[in-house]
Each structure stands twice: as structure tokens, then as C-alpha cells.
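Below are the chains, spelled out letter by letter.
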Amino acid sequence: MHNPISKGSTSLLKVVASQLRNNNGMLLIHQNSKETVFHKLAKAVYNDNSSFPQITYEQIKYHLAEQKFEILLRKSDYQLGSELILCRQNKKQLTQECHIEVGNNFEWLEPLQRNLKSNEDKVIILTANDETSGVIGLAKSLRKETKKQIRVILGNGKADECNTSICTNVWKHGEWGAFHQISYNAQNMECKSSHLEAEECRALVEVEKPGDLSSLKWVISPFLQTTSPLYKVEFAALNFRDIMLATGKLPRDAIPGDQSKLSTLLGLEFSGYDHTGCRVMGLVAAEGLATHVRVDPMFTWKVPDNWSMKEAATIPVAYSTAYYAMIIRGQLKRGESVLIHSGAGGVGQAAIAIALSNACRVFTTVSSEHKRAFLMRRFPRLNTSCFANSRDLSFEDHVMHCTNGKGVDVVLNSLSGEKLQASIRCLAENGRFLEIGKHDLAKNSLLEMSHFLRNITFHGILLDSLFSCNKQIWEDVRSHVSDGIRFGVVKPLQVKSFARNDVESAFRYMSKGQHIGKIVVHVGSKVDTNLKSRTVCDPNLTYVITGGLGGFGLEVCDWLVGRGARHLLIVSSRRGVSSAYQDSFINDWKEKGIKVDISSADITDRIAVSKILNDSIGGIFHLAATLRDGLFVNQSKGNFETVYNPKCLGIDCLDRVSRKICKKLRWFVAFSSVVSAGGNIGQTNYGLANSYMERVCEARKRDGLPGLAIQWGPIGEVGMAADIQATIAGVVPCPVRLCLKDLDIFLTNKDDTATVVSSLVPAPNTKPEEKSRKESVSEIIANILGLKTSSEIVVTSTMSKYGMDSLMCIELSQKIMQEYDVTISVEDVPQMSLQDIERTIATKTSNVVNVDAEDDYEDYDAPKSQILKRICDLLQPRPENSFCVKLNDSKENLSPWFFFSALGRSTYLYEDITSLLAAPAYGFQATDGDTSGSIVEMANKCGKEIGNRRIVNLVGFSFGAVLAIETALQMQTEAEKINLVLIDSSHTFIPQRIDTHLNHAGEFVDVELNAMTTYVRELLLNRDFQDIFNVLSKSSNTIDRIDKMVRMVREISPDCSRINLTKSLLRFAKGLKVATNYVPASRLTCDVTVVMQSRAQSKDYDVGEICDGRVKIVRLDAHHHNIIFGKRGRQIAEIINEISE
């Protein structure tokens, strides 16, 4: 209702009240309490001279109370004079109330346990007058363990205004209210800018979301403590490692060395100035795309006088990589032959220059005539026989032909997939293969061992490793580069420059692979203080970390060191340093010159705390914690005290002492838990303790002191929850690196009003039926009880008879929720048998419908006419001259569309689409004489048939989508524009479909049986996959299986030819194999339209993972087997016509 109280009239409110009196409805009221600019405007328009009634909140409450409404929630905007009020009809409390005062002495523990065990229907109201009480966290977890109603009253406010019919009442600012969580987008969070000088920090480029180039941002970041000299960066060059990291194709851990302390790995080389103003160029291990770098002088060179700074930035990586690969590792000798892939790239040009300076015979690959012409101008000694195509496998035949079948002595490779395999085959006896690409290395691609029978060697070339390798190796590389500069072998490369604020464009341009030479960013050394800032520690202050020797504590300490801290005071009152793991951190810090003090002071003792704190403390991070989990009814006072003391008494002492002593304190951070916000079974004491710390931080903030409580979700890899894989309080473990990233955001947030914040990863809303196989209830119980097999469980015996304690009951309840999305009360578990649990699950999941988007056979009943059409289509002979066929008679002057056939099928299946197209349409289909052995080769054949076109339009359905994607990848560098439409499929379609069939049939290793079963299932849509598999698996030889396959097909189509069926099977099996092994070698730069089933669970069939362009999703009410026919085909034709140009 809007303004129900107007000019003293409440008639509308009375009507609503009478309607709500007999049900449980709620009322949301928006009431203006003062005149706004909108009211003034309305009065001016309607010549209304009446005055606006000034209505106070007290008047609103009076009128609502008069109609027996109770206020549940209220939100006010005092500037607009607007009240948003949620209320409901006040009903008499029929249930008996039981009030229990929750203090800090735990005398309330036993009375509360008795009331929870009681059979009386009571509302339990937990009260606490102390504003720092953790009663809210206690109640959150209690509600997870009991069916009784739990209410909370926190604060010493006006009791008569407290509404005990709602869950929580908190007295703050002179009125009753409640705490509410607000979601906040970290990207929009304003951060405090840094005002440090360049000696302490610099600006650098980070990618916040690998795979999303729009998330590339300049941020301010401190330097790691290092004695290396400081250099001002003028130009920073991009390398393909940067592109692969930014696009998410290369994981951080694929880079050699310890990268955990680096905020970004982007940037390997630069040109700039040293502290004297001398011009230098150099290499850095990471963080080179920055305004300033620190680097050992041995990794730098003086820039020659006749080079510009922009030209100098093109030298370090390209020539260091080429010399290291070819001379140091490849041992290139004068007069040898060498194959250099991607010759127009930076490393390619450097390698060609080095090879020619050693009188070597050079073969190189390029992707266009333009690049070949460029290289022939730059290196006049190269002729046309030196060049081959890098977009297909033809370079293998070219090299072997030119060397009379011998091959080359050295291959410098940057290609991936099948092109890498073809490159290995180009090696001569005793050849050396130098792999500078990282794609196959990161993927752990396989290499056929038989290649090594030719006595060849394979070298992984990682320039990154030179920063931590034998010093002599790098000195040799540096010497070669220096000699190359002196003798004119090393020359600046062709360069394209981007402005500092246009970094995203630079990355996108390079990711297309169309450039020649190098791409650089003109950085300049000025730091923009308006940039988002990183946390920066004052090196002159001390940072206190309680619980700092724990797993997460060590990571936080290390993070503080990385942010500039020079003195750590780690408080660990348990046992001090007790493991080699802890030692390794401490020794590493000390080697960097960090002062580390380990204190065993008791943080629950105020005198002990006053001895370790002083006026040079810059931050206090309270991580101390102990767990004593268990159902509340089984808990003891001792367990509560064990959990309560380090957190609550500890933060009390730290708070009170620091108020008096620590005048330079910038951060006071309590590490809380999401348990205090959402509750968790078995952790009432932990919820209580964390909630207490949050209230202390709120009190500090109210008093104008620093205070921040962070509710962490479970932290993966380290800490108390490191081994937990299940959901806790509705969230799943989060990697440490992301937790520390959130800590950075929280500490630099400008919104100082935020006192309690959360960092968590919500559990995915995944339905249990999406899993390939659920763990059975009996298996779950057997694993929890430690039984060898589930057959030992008697279905009628209760869990209590098996000795299942409270923690086991919690585990069983959570596991059933995780596997079946069914809640079973922990209290009920002991009295339930296996049979009871299975019945409960069956009852609660009886309405679940399987809508697996990857295999829609089960609920799709194909008409016989469609099955016959499908059989005829699959069995139709394919002469070689039918590879590309015209699909319509359109004469429109539009760019044609090229359709790719589904697995083993003709392109005539697109008839319902192509007949309605305005543009001409052609189709590619498998033929009996096709010798292509891979998706890359098939796509290359299609590309040649399409030819050179300004606009290329491609459509792929099912298997055809895989071919369409690869064809687009091969043609995107030459075509001005590509329009790509994928129909209910993508590059991951075939592997996922095969996985689905394997899940139906169980695991088997017979590849032939797999292919034949899948093929028959594709033909006979109504035949169960398992039935087909069972029939064919009874025969062990191919002839018998084909006989059975023919008999099954002839039940539907009696006249089908055995010969045609066999040929069709071979086409199908071949396509199945190449599609299953296919992985895109690069990323799409064009826009993609994906037409999907409306019921598909997937967001975009993984297309977004390989596409830098826009991905448009269109959902149709269809199945995979009818999406291109009839009205759906007409809908797709309309979509394509809109794109046609």
C-alpha cells in the first residue's frame, strides 16, 4: 500500500486489516512522512494548494496499532521522508514462552538443554542484556539442530515494545530492530587510494577474472621487500604468456617458481630508466606491466643510442628466448637446417635472425601472404621455398619434400595439438625439438614414445625458469644477446604501441594473432593515485597476528609481508613453532629481512597482553580459535569455555589494552565465521564465540576506533576446514588466494560503516539428479560407520544400534542433503533405520523429473516416421563429389551460409531451415572417400571450399558445431567478419554425450562396442541404450556385432543395406573419434549465436570459455532430435535471416 495514512484518513487501512484478519498475510506499506519535490510538482500541475500532512513515525505506529498490526521490519530514508514498513496482524501468543538469560558464565547451558529435550511445546526466548553477547550466533546454530522455536532478544531496551513473535530483536540506536545481510559487488566497492611514493609502491595491471579481458585493471600495489634496484618503466611489451594467463588458458601454477606472493604474473619485459636516468631494457619474472619494477641488474642491458625506448622494449624476451632455445638448449650448429614456426612473431623473427647468422637453412611457417611478404623484406635471404602455412598440416609435406625426406635438425615450435605432432615428424635423425608453446605443456598432452627411436631430444623451453636456474646459464644467454646487439644480429622488431589506458585493446589485438612483431604499452612512470589501491603496511610498525602459526594464519602473515610489513608479532599460546612447515615460512621471512617474534603470551590474560602490545602496533589480526563440535544437547560447560576463551576473552583483552596503548593502530580485525550468520549443526559454541567478536568490533566502531569482523566461509587448502569438502552453512570451501583477495578489498574499503562483512562461496544450486551417480544411502552409512561393505547393514536396524554418535548423525544428515537434496533432522537419525531413511528420501524426491540437457533420450518419444527418415539419411551413400552441396535456390545477393552436417549424416536434414533462408545455403557432409584424420584437417578442407570471402557465415548442429567452430578459428584471421550459429551443440558436445552413454552402460574399454552402441542409439531413438549395449556385448567379434546391429535396424527399416549400414558405421565411428579428441587450439574472436533447448541446464554449452566475442543465447522449446525440424526449424531460419548481410 502507498500512503495508507493520508490527511487523517485510515479507511483503506481498515479495509485491508479486515481482509488479513482471517489469514496469515503480511502488509508492506510505503508511507511518505513529509512533502517531497514530487509532491510539490504534482500540486503545481493540479493547482492543489492544500498543505501536505506531516506524519511522524509515532503517528504511523499509532494507526497501525489501532488496526492491530504489528511492525516486523522498517526501512527509512530521512532525506526523502519515506518509510517502508512490513507488518502483519497481531495474533495472541498461544504457545507458552520460556525465557533464558544467556550470560558469559554458562550457567544457562543446562536449563536450555533441558528445555530442548522437553516434549512441551514452548517458544524458547534467549535474552542477553550485554550488547557484546554472542547469543545471535548461538541461536542461528540451535535452529539447525532443533524443531523448537528459538527467539532472541539482545540489548537492554524497552521491554514493552519488544516483539517476541519474530525471530530476533536487537536494541540499537534507541529502538528495536534486527541484523540483515546485504549482498555487495566487490567490483563496485570504492577503495582508499594510496598516497605512497614510487619507492614504496607502483601501479600495475591485474586481471580480476581470468578469461574476461574487460576485467584488466590498473591497481596500486606495494613492492615486495627486495634489495634489487628500482627502474621506471617507459614501455612494457606483451607476450603470449600474458595473453594465455589473462584469457584463463594458462593456470598460474603452470609458471615455474614461487608465484604465490605475486599479485599478478602479467609482464615479462620493459624499457625504462634506472635511478641515474640511464636508458635500460630488461626482463622480470612477473609484474612487468607496471609503472615501476625492481630487478637484478644482471637481467638488464643498456639501450643502444640509435634505438628508441619503444624499440628497445621489443628485444629482451624475443631474443633471450631464441638464444636460450636454439643456442643453449638446441646446440644449433653452422649449416644445420631449422623449422621455425610463427616466423612473423617476435621470437620467430629473432630465431630467423640467429639461424641466418649461423648460415643455417631456414624453413618457417606463417598464416598469411602479408606476413610472408614482410619476412622476405626483412630477411632477403629467404625465398618462397622457405615458407609454409601455419594454419594447417601442409608444412609437414613441404619440409619433408624440400629435405628429400630427411627432415630438419632443429624445430622451434609454438603450435599445439596435431600441429605439434606433425612438427615432431619433421625432425631428422638426432634432431632437437624446442617447445616454446605452453598450451600442450599445461594440458599434459601425450607424446608418442616411438619418435625417440630416431634419437631425437625434446626440450621444454621456459624463459621463466632462468630467474631461478643456474646463474651461469643466464650469463651465457645474456652474453649471446649482448654479442648479437654488438654484431647487428639483434635488431628491434616491428612494433605496435597502445596507450596506458587502452590495455584491454592491446590484449584483444594480440589475442587475434594477426600482428607482426611485438605489441607494447606506453606506460610512463606517473602513478595515478585515484586508482584502486592495494593494502599497504607501514614498514615501521608491528603487526600482531594471534593464531598466526595455523594454516590460514601463516598465509595471512605471508600476505602482510607481501604488503610491506617488516615486523610480525605472532602470538601462539599453545605450543609455538612445532613443524617444518611453520619453519619454512619463518625462515623465508627472515631471509627477506623481516623481523619475526613468536610469543606464547596468554591472550586471555589482560596483563600478559599489555606486555606484548605497544604504541608501534599498526594492526591486530585475531585468528585464535579452537573447535569442540557436537550437538548442543550433548555439549558441556568445559567445551563451551574451550571455544569461548581464545576468541571472546582474547578479543576482550586485545580491545581493552589496545584502546589505551596502541595509538597508531590502523586495523583491528577479528576473523569470524559464516557459522555466526547462517548457523551450522554441531557448532553452537563456535557460533556464539564468533558472534561475540562481531559485537565487540561494532562497539569499537561506535567509539570511533578501528574494528572489522570478517565472517569467513570454509577456507580450502589450509586451516581447520582444509579437509572439508561438504557444504558448511550453505557455502563451500574457498581457495586461500581468493580469501586474501577479499581481505585486501575489506581493508581498503572506503565505506568505514561496514563492520561485519562476509567472504564466502555459496554452494552451487545443483540438483542431485545432475550427478552421474549418487552414492547410495547404504554406502553413505557404511562409510561413516567404517564398515567394509554396505551388505553388513540390516535395513530394519536403527542407527543407534550401530553405535552412531551425534557427530556421525550430523555427517549422515549433511551427506544426505549433499547427495539427495533432502533434509533429515539430526534428532531423528538415531531412531531411523536404513529402510526409514530410504523411504523418506523417496517420498521427498518423488516429484523430481530428470531434465538432463546432455542426454534427452529418456523423455523423448520419436515418431516412427522420423526414425525411418533418420535411418535413410544415415545410410545414404556419399560419393566423393557430394562433399559440398547446394541446399537451396536462393538468388539473393547475400553472403552464403555454410552448414556442417551432424555425425555421419547428410546436410539435407537442414531442409526445414535452408528452404526459408533469404541467402544461398551450402552444406558440407562426410563422404566415403574422405581421408581427413582430424577435426583440424576436416575444417581445413571446408575452409578451402569456402574460399576467400569478406563475410563468412557458418552453421553447425550436433557434431557439425565442432567443425563449424574449428573452421571459424582457421578463417578468422583472414575474413573481415564471421557469423557463427551453433545449434544445440558446441566443442564439448560429443565428449559429454559419450560420457553420458558410458554412465548408462557402466565402464567398459571396448572402443568398437562403444561406437556401435552409440551409433545404433543415434539411429533408433526409442531403443534404450542399455538394451542395445546388452545385445551387442554378447558378441565378441565385429562380424557378429554387425549382424545383430543389422537385425535391430531392420526391425524398423526392413530394406536397409548391410553394406550401406557398415559404411555409415565407419563414417560415424571416425567422426566420433576425432570429435572426442578435439580441443580448440585458440579462441574465437567473432560473435556467436547459440540456439539451445529451453530446458538445458548449461548456461551456454561452454562456448563462452573459448569466445572473446559476444555470445547470444536463444532458447527453444525442443529436444536435440527435433530442434531443427518443423516450427523450430522455421524459428532458426528467422534467426539466421536476421543475421544475414
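If you're wondering where the values come from, they're calculated on a predicted model, not measured in any experiment. (Residues numbered from 1 in each chain as written. Predicted model: local features only at pLDDT ≥ 70, side-chain atom pairs only at ≥ 80, totals over all residues. Heavy atoms only, no water.)

**Q** For this particular structure, what's the right way to read the overall build of the protein chain?
**A** Assigned secondary structure in the protein chain consists of 35 helices and 40 strands. Residue burial in the protein chain is summarised as follows: out of 1141 residues, 54% are buried. A fraction of 71% describes how many contacts in the protein chain between residues 6 or more apart in sequence connect residues 24 or more apart. As displayed, the protein chain has an accessible area near 50,700 Å², and 49% of this comes from carbon and sulfur atoms. (Helix = DSSP H or I, 4+ residues; strand = E, 2+ residues; numbered from the N terminus. Buried < 20%, exposed > 50% of the residue type's maximum accessible area, 1.4 Å probe, protein only. Contact = heavy atoms within 4.5 Å. Areas by Shrake-Rupley, 256 points an atom, 1.4 Å probe, with all protein chains shown as cover.)

**Q** Got a minute to help me understand the packing of aromatic side chains in this structure?
**A** Centre-to-centre distance and the angle between the planes together describe a pair of aromatic rings. Scanning the model with the defined rule gives 24 aromatic pairs in all. Taken together, a centroid distance of 5.8 Å and an interplanar angle of 15 degrees make the contact between Phe898 and Phe924 stacked. Of this pair, Phe898 sits in strand S35 (residues 897-900) while Phe924 sits in strand S36 (residues 921-924), placing them 26 residues apart in sequence. Residue class for Phe924 comes out buried when judged on its relative accessible area of 2%. These aromatic residues form a ring-pair network of at least three members: Phe106, Trp108, Phe632, Phe640, Tyr644 and Tyr692. Sitting over the ring of Phe668, Arg700 keeps its end group 3.9 Å from the ring centre. (Phe/Tyr/Trp six-rings, centres within 6.5 Å; stacked < 30°, edge-to-face > 60°. Lys NZ or Arg CZ within 6 Å of the ring centre and 35° of its normal.)

**Q** What exactly am I supposed to notice about the pairing of strand S6 (residues 149-154) here?
**A** Along any regular strand the residues' side chains alternate between the sheet's two faces. Counting buried residues along S6, 5 of its 6 residues qualify, which places the element largely inside the surrounding structure. In this sheet, S6 lies alongside strand S5 (residues 122-128) in parallel orientation, the contact comprising 6 bridges. Of the residues in S6, the one forming a bridge with Ile124 is Ile150. Chirality of the crossover, the property in question, places the unit of S5, helix H5 (residues 135-145) and S6 among those that are right-handed. (Pairing = 2+ DSSP bridges. Right-handed = clockwise from strand over helix to strand, strands pointing away.)

**Q** Please explain the side chain of Thr321 as it appears in this structure.
**A** Mapped onto the elements, Thr321 comes out in helix H8 (residues 316-329). Thr321 has contacts with Val347, Ile436 and Leu463, leaving out every residue within four places of it along the chain.

**Q** Before we go on, may I ask you to explain unusual backbone geometry in this structure?
**A** The phi torsion of most residues other than glycine is negative, and most of the peptide bonds are trans. We note that Glu287 has phi near 55 degrees; this positive angle belongs to a residue other than glycine. Along the polypeptide, Glu287 turns up in the loop between strand S13 (279-283) and strand S14 (292-294).

**Q** Is there a simple way to think about the pattern of salt bridges in this case?
**A** It is possible for side chains of opposite charge to pair when their charged atoms get near one another. As enumerated under the stated definition, the model contains 21 salt bridges in all. A salt bridge links Lys592 to Asp588, with the nearest nitrogen and oxygen atoms 3.6 Å apart. Residue classification places Asp588 among the partly exposed residues on the basis of a relative accessible area of 24%. A salt bridge links Asp1108 to Arg1083, with the nearest nitrogen and oxygen atoms 2.9 Å apart. (Salt bridge = Lys/Arg side-chain N within 4 Å of Asp/Glu carboxyl O.)

**Q** Help me understand the environment of Ala499 in this model?
**A** By the secondary structure assignment, Ala499 is in strand S22 (residues 495-499). In contact with Ala499, not counting residues within four places along its chain, are Val521 and His522.

**Q** Help me understand the sheet that holds strand S26 (residues 567-571) in this model?
**A** Consider a sheet: its strands pair through backbone hydrogen bonds, and that pairing is either parallel or antiparallel. Spatial strand order, S27-S26-S25-S28-S29-S30-S32: 7 strands in an open sheet with parallel pairing. In this open sheet, the two edge strands, each paired with only one partner strand, are strand S27 (595-599) and strand S32 (756-759). In this sheet, neighbouring strand axes are inclined to one another by 20 degrees on average, regardless of whether the strands run parallel or antiparallel. Judged from the 5 bridges that link them, strand S25 (residues 542-546) and S26 form a sheet pairing that is parallel. Bridge pairing links Val544 to Leu569 in S26. Running over the sheet, helix H19 (residues 637-661) touches S25, strand S28 (617-622) and strand S29 (667-673) and is turned about 165 degrees from S28. Packing against the sheet, helix H22 (residues 736-748) makes contact with S28, S29, strand S30 (708-712) and S32, and its axis sits at approximately 155 degrees to S30. (Axes fitted to C-alpha atoms, helices over the stretch in contact; angles between N-to-C directions.)

**Q** For this particular structure, what's the right way to read the packing of helix H11 (residues 394-402) against helix H12 (residues 418-425)?
**A** Orientation of H11 relative to H12, taken along the N-to-C sense of each, is 10 degrees, at an axis distance of 9 Å. With respect to H12, the element H11 is oriented roughly parallel. Seen from H11, the contacting residues are Phe395, Glu396 and Met400; seen from H12, they are Lys419, Ala422, Ser423 and Arg425. Considering only residue class, the contact of H11 with H12 consists of 3 nonpolar, 1 polar and 3 charged. (Parallel < 35°, antiparallel > 145°, perpendicular 65-115°, else oblique. Nonpolar A, V, L, I, M, F, W, Y, C, P; charged D, E, K, R; others polar.)

**Q** In this structure, what is going on with the environment of Ile816? I would like to understand it.
**A** As for its placement among the helices and strands, Ile816 is situated in helix H24 (residues 806-820). With relative accessibility at 1%, the residue Ile816 sits in the buried group. Separated by 35 residues in the primary sequence, Ile816 and Ile781 place their C-alpha atoms 9.9 Å from one another. When residues no more than four places from it in sequence are discounted, the contact partners of Ile816 are Asp821, Val822, Ile824, Ile837 and Ile841.

**Q** Just to check I follow, could you spell out the sheet that holds strand S8 (residues 175-177) for this structure?
**A** Within the open sheet, the 5 strands sit side by side as S4-S5-S6-S7-S8. Their pairing is mixed. The open sheet is flanked by strand S4 (96-101) and S8, the only strands paired with a single partner. Between one strand and the next, the sheet's axes are offset by a mean angle of 20 degrees, whatever the strand orientation. For S4 and S5, the ladder comprises 6 bridges, and the chain directions are parallel. Counterpart to Ile100 in the pairing with S5 is Leu126. Helix-sheet contacts for H5 involve S5, S6 and strand S7 (168-172), and the interaxial angle to S6 is about 175 degrees.

**Q** Please clarify how the confidence of the model for the protein chain should be interpreted in this entry.
**A** Reading predicted coordinates in detail is not appropriate for stretches of low pLDDT. The share of residues in the protein chain with pLDDT of 70 or more is 79%, and the mean pLDDT across the chain is 80. Below a pLDDT of 50 lies the segment residues 846-866, which in the model reaches 48 contacts outside its immediate sequence neighbourhood of four places, other chains included. (pLDDT = per-residue confidence, 0-100.)

**Q** Help me understand helix H21 (residues 684-702) in this model?
**A** Helical periodicity: at 3.6 residues per turn, an α-helix aligns residues three or four positions apart in one direction. With 19 residues, H21 ought to run about 27 Å at 1.5 Å a step, and its terminal C-alpha atoms sit 27 Å apart, in line with that. Buried residues dominate H21, accounting for 17 of its 19 residues. Gly704 sits one or two residues past H21 and shows a positive phi near 80 degrees. (Expected span 1.5 Å × (residues − 1).)

**Q** How do you make sense of the packing of helix H16 (residues 551-562) against helix H17 (residues 580-591) when you look at a structure like this?
**A** Packed helix pairs are characterised by how far apart their axes lie and by the angle those axes make with each other. Where H16 meets H17, the closest approach of the two axes is 11 Å, and the angle between their N-to-C directions is 10 degrees. Considered as vectors, H16 and H17 are oriented roughly parallel to each other. Contact residues: Leu554, Glu555, Cys557, Asp558 and Val561 in H16; Tyr581, Gln582, Phe585 and Trp589 in H17.

**Q** Would you explain the pairing of strand S11 (residues 230-238) in this entry?
**A** Judged by how many residues are buried, S11 sits mostly within the fold: 8 of 9 residues are covered. Two strands pair when backbone bridges link them, and S11 and strand S12 (residues 269-273) are joined in this way by 5 bridges, in the antiparallel orientation. Residue Ala236 lies in a different strand from S12, and its bridge partner there is Phe270. Pairing between S11 and strand S23 (residues 518-522): 4 bridges, direction antiparallel. Its bridge partner being in S23, Ala236 is matched across the sheet by Val521.

**Q** Sorry if this is basic, but what is going on with the nonpolar core here?
**A** Nonpolar side chains in soluble globular proteins generally cluster together in the buried interior. Met326, Ile340, Leu412 and Phe507 are the most contacted members of the largest nonpolar core, which totals 86 residues. Of all the elements, H8 adds the most residues to this core, at 9 residues. Those residues in contact with Leu412 that lie beyond four places of it in its chain are Ala325, Met326, Leu339, Ile340, His341, Val347, Ala351, Leu434 and Ile436. Residues Val102, Ile651, Leu665 and Val696 belong to the second largest nonpolar core, which totals 54 residues. (Core = buried A, V, L, I, M, F, W, Y, C linked by side-chain atoms within 4.5 Å.)

**Q** How do you make sense of helix H29 (residues 959-971) when you look at a structure like this?
**A** The first and last C-alpha atoms of H29 sit 19 Å apart over 13 residues, in line with the 18 Å expected at 1.5 Å per residue. Counted residue by residue, H29 has 13 buried out of 13 residues, so it is predominantly covered.

**Q** Can you help me understand the state of the cysteines in this one?
**A** In a disulfide, the sulfur atoms of two cysteines are covalently bonded to one another. In the structure shown here, the tally under the stated rule is 0 disulfides. Its sulfur unpaired, Cys884 is 8.2 Å from the next cysteine sulfur, which belongs to Cys942. Not engaged in a disulfide, the cysteine Cys1107 finds its nearest cysteine sulfur in Cys1086; these two sulfurs lie 5.8 Å apart. According to the relative accessible area criterion, Cys1107 is buried, its value standing at 6%. (Disulfide = S-S within 2.5 Å.)

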